[in-house]
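Coordinates in review
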Amino acid sequence: MPVLQLRNITKRFGSLTANDSIDLSLARGEVLALLGENGAGKTTLMNILFGHYRADEGLIEIDGKPLLPGSTEAAISAGIGMVHQHFTLADNLTVLENITLGTEPLWSWRQNSKAARQKLTQMSSEFGLVINPDAEIADLSVGERQRVEILKALYRDARVLILDEPTAVLTPQEADDLFETLRSLTAKGLAIIFISHKLHEILAISNRVAVLRRGAIVGEVKTENADKSLLAEMMVGEKITRPTPRSIKHGKAVLRLENVSTKGAATSSSLQNIDLIINAHEIVGIAGVSGNGQAELADLLSGLYQHDSGSIELLGENLKSISTRDMLSRGVGRIPEDRHKSGVVGDMQIWENLISEDLRSKTTSKFGIFLDKSKAINRAEDLIAKYDIRCKGPLAETKLLSGGNIQKLILARALSPNPSFILANQPVRGLDEGAIAYVQTQLLEARDRGVGILLISEDLDELMALSDKIAVMYHGKLSPAFENGSKTIAEIGLMMAGQESSLKGTPQAGAVAMEGAHAN
Amino acid sequence: MMDLLEIILSTGFWAATIRIVSPLIFGTLGELICERAGVLNLGIEGIMTIGAMAGWMWVYQGGDLWGGVIFAATVGGIFGFLHAIFTVHLGLSQHVTGIGITLFGSSLSYFVYRMLLPSATTPPKIVPFQTYKIPYLSDLPVVGEAVFSQTPLTYLALLCVPLVWYMLQRTPIGLAVRMAGENPVAVEAQGINVLAVRTGAVVVGSALMAIGGAFITMSAFDAFFFGMINGRGWICVALVIFASWRPGKAFLGAMLFAGLEAFQVRAQQITGASIIPYQFYLMLPYILSIVAMVFMARKAKYPHALLVPFRRGERV
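Predicted, not measured: the structure shown is a model, and the values here were computed from it.

1. Looking at the overall build of chain B
A tally of regular secondary structure across chain B gives 13 helices and two strands. The dimensions of chain B, computed from C-alpha atoms along their principal axes, are 65 × 50 × 45 Å. For chain B, with 316 residues in total, the buried portion stands at 54%. Here the analysis covers contacts within chain B between residues at least 6 apart in sequence; of these, 77% occur between residues at least 24 apart. Total accessible area computed for chain B in this model is approximately 14000 Å², and 71% of it derives from carbon and sulfur atoms. Taken as two groups, the 18 positive and 13 negative side-chain charges of chain B have centres that lie 10 Å from each other.

2. Quick notes on the overall build of chain A
Secondary structure assignment for chain A yields 18 helices and 23 strands. A compact globule built from 520 residues would reach a C-alpha radius of gyration of about 24 Å, and chain A, at 25 Å, matches this within 12%. Dimensions of chain A along its principal axes, counting C-alpha atoms only, are 70 × 55 × 55 Å. In chain A, buried positions account for 52% of the 520 residues. Taking all contacts inside chain A whose residues are at least 6 apart in sequence as the whole, residues at least 24 apart take part in 67%. Of the roughly 23300 Å² that chain A leaves accessible, carbon and sulfur atoms contribute 51%. In chain A, which carries 56 positive and 64 negative side-chain charges, the distance between the mean positions of the two groups comes to 3 Å.

3. With respect to the interface of chain B and chain A
Contact with chain B, which involves 28 residues of that partner, is made by 37 residues of chain A. The junction of chain B with chain A conceals about 2700 Å² of combined surface from both sides, 59% of it contributed by carbon and sulfur atoms. Here chain B and chain A share one salt bridge between them. A salt bridge links Glu97(A) to Arg178(B); the nearest nitrogen and oxygen atoms lie 2.9 Å apart. Here chain B is connected to chain A by eleven residue pairs in polar contact (both at pLDDT 80 or more). Among the secondary structure elements, those contributing two or more residues to the side of chain B that touches chain A are α7 (152-170), α8 (172-182) and α9 (184-189) of chain B.

4. Some thoughts on the state of the cysteines
Inspection of the entire model under this criterion finds zero disulfides over all chains. In this structure Cys160(B) is not part of a disulfide, and its nearest cysteine sulfur, from Cys236(B), lies 13 Å away.

5. Some words on the packing of helix α4 (residues 65-89) of chain B against helix α10 (residues 194-220) of chain B
Residue and element names in this part refer to chain B. Two numbers describe how α4 lies on α10: the axes approach to 6 Å, and their chain directions differ by 140 degrees. Taken together, α4 and α10 sit at an angle that is classed as oblique. Between α4 and α10 lies a crossing whose hand is right-handed. Broken down by class, the residue content of the contact of α4 with α10 amounts to 15 nonpolar, eight polar and one charged.

6. Considering the sheet that holds strand β14 (residues 309-314) of chain A
Two strands in a sheet stick together by hydrogen bonds in their backbones, pointing the same way (parallel) or opposite ways (antiparallel). Residue and element names in this part refer to chain A. Here we have four strands laid out as an open sheet, ordered β12-β11-β14-β15, and antiparallel in their pairing. With one partner strand each, in any of the chains shown, β12 (274-279) and β15 (317-319) form the two edges of the open sheet. Between one strand and the next, the sheet's axes are offset by a mean angle of 20 degrees, whatever the strand orientation. The sheet contact formed by β14 and β15 spans three bridges and is antiparallel. Bridging from a neighbouring strand, Leu314 pairs with Glu317 of β15.

7. Comments concerning the sheet that holds strand β10 (residues 216-222) of chain A
All names here are of chain A. Pairing in this open sheet of six strands is mixed, and the strands run β6-β7-β8-β3-β9-β10 from one edge to the other. Both outer strands of the open sheet, β6 (80-83) and β10, are each paired with one neighbouring strand and no more. Across the sheet, the mean angle separating the axes of adjacent strands is 20 degrees when strand polarity is ignored. One ladder, built from five bridges, connects strand β7 (residues 160-164) with strand β8 (residues 191-196); its direction is parallel. Paired with Leu163 across the bridge in β8 is Phe194. With respect to the sheet, helix α1 (residues 42-49) is in contact with β3 (31-35), β6, β7, β8 and β9 (208-213), its orientation differing from that of β8 by roughly 150 degrees.

8. A look at the domain arrangement of chain A
Residue and element names in this part refer to chain A. For chain A, the domain assignment lists domain 1 (4-236), domain 2 (240-331 + 419-520) and domain 3 (339-417). Contacts between the two partners involve eight residues from domain 1, matched on the other side by 14 residues from domain 2. Together, the buried faces of domain 1 and domain 2 total about 880 Å²; carbon and sulfur atoms form 60% of this surface. Inspection of the domain 1/domain 2 interface yields zero salt bridges. Counting across the domain 1 and domain 2 interface gives four residue pairs in polar contact (both at pLDDT 80 or more).

9. Describing a nonpolar patch on the surface
All names here are of chain B. Taken together, the side chains of Ile275, Ile276, Phe280, Met283, Ile287, Leu288, Ile290, Val291, Val294 and Phe295 present a nonpolar region at the surface, about 950 Å² in accessible area. Checked against the element boundaries, Phe295 lands in helix α13 (residues 278-297). The class for Phe295 is exposed, based on a relative accessible area of 63%.

10. Side note on the pairing of strand β2 (residues 16-26) of chain A
All names here are of chain A. Bridge count between strand β1 (residues 4-13) and β2: seven bridges; the pairing is antiparallel. Bridge pairing links Lys11 to Asn19 in β2. Between the antiparallel neighbours β1 and β2 lie two residues, among them Gly14 with a positive phi of about 60 degrees.

11. Brief notes about the side chain of Ser109(B)
Mapped onto the secondary structure, Ser109(B) falls in helix α5 (residues 94-116). In contact with Ser109(B), other than residues within four places in its own chain, are Thr49(B), Ile50(B), Met53(B) and Phe224(B).

12. Description of the pattern of salt bridges
Residue and element names in this part refer to chain A. Enumeration according to the criterion identifies 27 salt bridges over all chains in this entry. One salt bridge in this structure joins Lys42 and Glu165, with 3.3 Å as the shortest N-O distance. Of this pair, Lys42 sits in helix α1 while Glu165 sits in the loop between β7 and α6 (172-187); the two residues are 123 residues apart in sequence, bridging distant segments of the chain. Under the relative-accessibility criterion, Lys42 is labelled buried at 4%. For Glu165, a relative accessible area of 9% gives the class buried. Measuring nitrogen to oxygen at the nearest pair gives 3.6 Å for the salt bridge that ties Glu180 to Arg183. Taken together, the residues Glu180 and Arg183, both in helix α6 and three residues apart, mark about one turn of the helix. A cluster of three or more residues bridged by salt bridges with shared partners is formed by Arg246, Arg447, Asp448 and Asp468.

Rules and cut-offs
- Residues numbered from 1 in each chain as written.
- Chains lettered and ligands numbered in written order.
- Predicted model: local features only at pLDDT ≥ 70, side-chain atom pairs only at ≥ 80, totals over all residues.
- Heavy atoms only, no water.
- Helix = DSSP H or I, 4+ residues; strand = E, 2+ residues; numbered from the N terminus.
- Buried < 20%, exposed > 50% of the residue type's maximum accessible area, 1.4 Å probe, protein only.
- Contact = heavy atoms within 4.5 Å.
- Areas by Shrake-Rupley, 256 points an atom, 1.4 Å probe, with all protein chains shown as cover.
- Lys, Arg positive; Asp, Glu negative; His and termini not counted.
- Charge placed at Lys NZ, Arg CZ, Asp CG, Glu CD.
- Rg over C-alpha atoms; globule rule 2.2 N^0.38 Å.
- Buried area = accessible area lost by both parts, 1.4 Å probe.
- Salt bridge = Lys/Arg side-chain N within 4 Å of Asp/Glu carboxyl O.
- Polar contact = N/O pair within 3.5 Å; in protein donor to acceptor, adjacent residues only side chain to side chain.
- Disulfide = S-S within 2.5 Å.
- Axes fitted to C-alpha atoms, helices over the stretch in contact; angles between N-to-C directions.
- Parallel < 35°, antiparallel > 145°, perpendicular 65-115°, else oblique.
- Left-handed = near helix turned anticlockwise from the far one by under 90°.
- Nonpolar A, V, L, I, M, F, W, Y, C, P; charged D, E, K, R; others polar.
- Pairing = 2+ DSSP bridges.
- Domains from an automatic or database assignment.
- Patch = residues over 30% accessible without salt bridge, like charges linked within 9 Å, V, L, I, M, F, W, Y side chains within 5 Å.

Spelled out as structure tokens, the structure:
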């Protein structure tokens, strides 16, 4: 008998059907991968399973017994554990406190910390999940926090463990460690649902893959019968190929950072002695686990704040102090990290967002003082057509656009003034496959026209597919940029984890590793 | 200079400090419990006012003193529940709701007072809590008179400090309260009802605030008149920040403020001090509190989910 059985689960949000009569089953010791694009309904389904949402129709059975819908408590006591994509931990509390909350009767005069500590230590050693029970969560690395989340589920005797995009925040090595842990857990009979959109991970860890598209299961395959292209096609529903860069000789430097530092050098995310050169016809990728200074670097180059020492040269001109207006007028195009928060104003109309970086030019204003609405709307219409922004027209509200179309709007705004430098911070995060291909094509075309591009991404695969050079950020420091292809994923992963030794003697080590990779 | 030193060394000064600190302790601990659960309660000024009125009125209408304290706490708890409905269940602005509760609580207190005593020109009096000397302990030098010769409500206030600390740090419900203020999603993910935990914390915290108000009419004075809370609630809100949301530090902060208050009253009376206008002494506690706060609050570990409403099933 399967340990978990979902029957005919349907969930609607208004007119959107997030889950459409989904049937799934899961056996003991099995890893089921749930594959799907963003917005396909994976997270909604798991939130129903964990009792965060209540399904409109359908039934969940654990060991053949129906599960009370809409109750987290019932789900936990039935043996379901969930590791959320965004960890549900309290930063200022200790590991032990985070794990024991809710495991004891609330109305009691004391906590049984001693027994809890004993159980936790015993569990840690049994599953190889080493953690200091008295450490505060704020002091732990992301990998360790995930360990706490898994322990939290195991502490409550979970038999079904749900992992929602668990590798999104990990270095490649940490991801390998996680897979090791998961294998030892399934060997002990735990059933795992692994949610991801990364194909190679799914192929590496799962026994069976269920593919979700637009809220419905569109196929189920045994992993041994699947390969990347089959899964990709099932997930997207059509064949979409991402663009590949053609080789091109780089030109003169457009942006040069020398020894740039920002204040508060004590925190791991303030910039320390950054050296970076970006040439025309070149994409330089910045790799790193989020929170290591990428946001600060992006803010600096957007003109949002100032550096305290070092020099920044744009097109051969030294910038003493930077403002956003300077950067725009000097031809810097920006794609911000969070397109909803800092990319557009959702409540404003599309044309307003499209011209918001270009308010004083002749194309949108009279004498640079009064906004010329009809000219601005004309211009917006041109951009909408040129960049294929799917919308009801320039007067529609921006927040009604899909993520991909909002990103197209931002691209249109950044690319239309013919910039010489583009700052692209996580430009494809959370987009569907079609939009990803579109954005990447636009960036590569800009590079071919002679634009220098700084590409910040947490997705190593993306960086390795697009960049000419890659540099790694760790604790506010930036490694020297190396030619893409001169280092393996494993080597870059070590650099992302801050292991300095791997930074040295790069050419030989890199070459050897490359040969090794080819030999395989 | 010697005169000022003499003030601090006198037993009377310390006794006064302990007396002044009592309502501040109730108020600060009450606010602290609310904020640790993630809810700012700016209704404190109004809740203290209504506590002061309710407790006093209970006794004036013939009830006994402890009954008055319980009645004040109940009324305070009801106002806390009102605050919780708006801020916790409906997720409305905690600032606006809190100020609304303060205005409503204060006005309602005066309204009820006037309605029940329409013709009173001089505020009528009750027999308040009397000093209770704790056997043996009150015979100790200095502390005997300063600490152990106070009214029972003061002892209750001092007792509340370790009690609230123990509740927050050592019991499962305290852990749930702290976690609700840090990351309500985590509480939800462990199968505990966040809304219930937060509501409970606001109700209990507000009841404590109301007892703080009742202390003023039933222990410090013997009458109720308009404007008698006089900003003490706001001081408590500031003290919580000063204390970095810790009960022990909250006590120290309240003692500092009360000490300055007791000091300024005495300093005004010293001969030769009159060259400085008395208003200067009046503002002294507030200025020094602000300065102390600047230093104390900078490194405070504030509850991460303070002011953030939690809605069940919302996408995270």
